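Structural overview
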Amino acid sequence: MSPISHRIHAIIIISLMLLLPGQRLMAQGHDEVKNYRYIYLWDVTLSMKGYGGAPNIWKEVTDNIINDISNNLPNSPRNEIVVIPFQTDFYCQPWRQRGDAQGKAELIRRIREFDTDKVSNTDIGRPLMRVIDEILAPDKIDVMKLLTDGKTQNEAALKAALNHWCAEAQHKDAYGYYIMLTDNAADEAVIQDINATCRFESLQGTEVEIVQITPTWLMSHNLLDEDEVVEVHFKTMPPNVNIEDYTVGISDHPSDFYYIKEDQATIHNNKISLTLVPKMMAEEIVNQIGNGDELLLIDLEDDPKYPRARIIPNSVRIKLVTKPEKTLRFSVK
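Residues numbered from 1 in each chain as written. Predicted model: local features only at pLDDT ≥ 70, side-chain atom pairs only at ≥ 80, totals over all residues. Heavy atoms only, no water.

Next up on the list: the packing of aromatic side chains. Across all of its chains, the model carries 8 aromatic pairs by this definition. Their ring planes at 20° and their centres at 6.3 Å tell us that tryptophan 58 and phenylalanine 114 sit as a pair that is stacked. Here phenylalanine 114 lies in the loop between α3 (101–113) and α4 (125–135) and tryptophan 58 lies in helix α2 (residues 58–72), a separation of 56 residues in the sequence. Of the residues examined, phenylalanine 114 reaches a relative accessible area of 11% and is grouped as buried. Counting every residue linked through ring pairs, the aromatic cluster contains Trp42, Trp58, Tyr91, Trp95 and Phe114. For the cation-ring pair, lysine 49 lies above tryptophan 58, with the distance from its terminal atom to the ring centre recorded as 4.9 Å. (Phe/Tyr/Trp six-rings, centres within 6.5 Å; stacked < 30°, edge-to-face > 60°. Helix = DSSP H or I, 4+ residues; strand = E, 2+ residues; numbered from the N terminus. Buried < 20%, exposed > 50% of the residue type's maximum accessible area, 1.4 Å probe, protein only. Lys NZ or Arg CZ within 6 Å of the ring centre and 35° of its normal.)

Here's what the structure looks like:
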């Protein structure tokens, strides 16, 4: 190799691969993949510090929020982290930062330095409604953790917010967790209302961490492939969490061409296998789809044995293609 070649520091390798019948079409990245917005709606009423005989959990909870931000969320400037102290309303303007190391450090500083001696009631419905209307947005997948040590003083406002949540969460792609930090916060009527609300559930205890299990959200399946099995791969945040015995519920949306054989599948080697069962002859499916694409939509349900490990997002799409696809793969060193 010439001296000039030795001095080349950037090598671009371009390989053009033609998928032939009988080969598996692997899942590809996609431009529409969204990033995340992590929201902490944080109760800062004085009962958190032991006011009025309540247990003093202030330091424990703030330490857990800081640990969650620091160690459990990915370091990515494309993500956003929002911390919102509240009492009867937002206590101050939301603290919004990018999800990189610098943004995390700024949020951690503000959490550590925050203090209040303001006596107030707790209104959960009003700040929750403001999160829905002012913070959630369809540009990112929103994951909200509402942290409170008490019951709301305005039940009607909370019911209104929960009623508002479902449609907005589906439209804006949001997931919510109502974390009841103490026994005093564990209201059975509220728990029932929360768990009856789509994309929202209740958890109990001062632990803030929720393991996020992220599936490959878009896959391709070549109808020229005789293998009708599609693999869904998963990764976790924080990384390297063992999810080997996590059982995923499977529910497919109606399709004219296929249905999914399995109604549940257990994760092995960070993946599950789904069997596509055709509703008609393969040649007829190919003819009907033509040169276009058809999407199979599949909902994934959480394993109830692990209340603090959740699939986000909880649906995947399989793109059916009717011809060999050409793929460009770039490797930059």
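Let us look at the pattern of salt bridges. Counted according to the given criterion, the structure contains 21 salt bridges. Of the charged contacts in the structure, one is a salt bridge between aspartate 100 and arginine 98, with a shortest N-O distance of 3.2 Å. Residue aspartate 100 is classed as buried on the basis of its relative accessible area of 15%. (Salt bridge = Lys/Arg side-chain N within 4 Å of Asp/Glu carboxyl O.)

Counting 31 residues, the largest nonpolar core has Tyr40, Trp42, Ile65, Ile69, Val83, Ile111 and Tyr177 as its most contacted members. Breaking this core down by element, the ones donating at least two residues are β2 (35–43), α2, β3 (76–86), α3, β5 (140–148) and β6 (174–180). No other element matches α2, which puts 5 residues into this core. Apart from residues lying up to four places away in sequence, valine 83 is in contact with Tyr40, Trp42, Ile69, Pro94, Trp95, Leu107 and Ile111. Core analysis: the second largest hydrophobic core is formed by 29 residues, Val230, Ile243, Ile285 and Leu296 among them. (Core = buried A, V, L, I, M, F, W, Y, C linked by side-chain atoms within 4.5 Å. Contact = heavy atoms within 4.5 Å.)

Right, let's get into the confidence of the model for the protein chain. Taken over all residues, the pLDDT of the protein chain has a mean of 86, while the share at 70 or more is 86%. At the level of individual helices and strands, the protein chain shows its lowest average pLDDT in strand β1 (residues 12–18), which scores 27, and its highest in strand β4 (residues 95–99), which scores 98. Segment residues 326–333: pLDDT under 50, and 24 contacts once partners within four positions in sequence are set aside and those in other chains are kept. (pLDDT = per-residue confidence, 0-100.)

On to the layout of surface pockets. The calculated volume of the second largest pocket comes to roughly 290 Å³. As for the second largest pocket, its lining consists of 15 residues, and the residues nearest its centre are Arg199, Glu201, Asp302, Arg310 and Asn314. Of all the secondary-structure elements, those providing two or more residues to the lining of the second largest pocket are β6, β7 (200–204), β15 (294–301) and β16 (309–311). (1 Å grid on protein atoms, 1.4 Å probe; cavity = no way out; pocket = protein on both sides within 12 Å on 5 of 7 lines; lining within 4 Å. Points joined across faces, edges and corners; volume = space filled by probe spheres on them.)

Now for empty space enclosed by the protein. Using the criterion set out here, one finds 2 cavities of 30 Å³ or more in the structure. By volume, the largest cavity amounts to about 100 Å³. Lining the largest cavity, in full, are Tyr38, Asp68, Asn72, Leu73, Val143, Lys145, Ile210, Gln212, Met237 and Ile312. Of all the elements in the fold, those that place two or more residues in the lining of the largest cavity are α2 and β5. Across the lining of the largest cavity, the residue classes break down as 6 nonpolar, 2 polar and 2 charged. If you add up the space inside the second largest cavity, you get close to 40 Å³. In terms of lining residues, the second largest cavity is bounded by Asp252, His253, Ser255, Tyr258, Tyr259, Ile260, Leu296, Leu297 and Ile298. Elements supplying a minimum of two residues to the lining of the second largest cavity: β12 (258–260) and β15. Of the residues in the lining of the second largest cavity, the class split is 6 nonpolar, 2 polar and 1 charged. (Nonpolar A, V, L, I, M, F, W, Y, C, P; charged D, E, K, R; others polar.)

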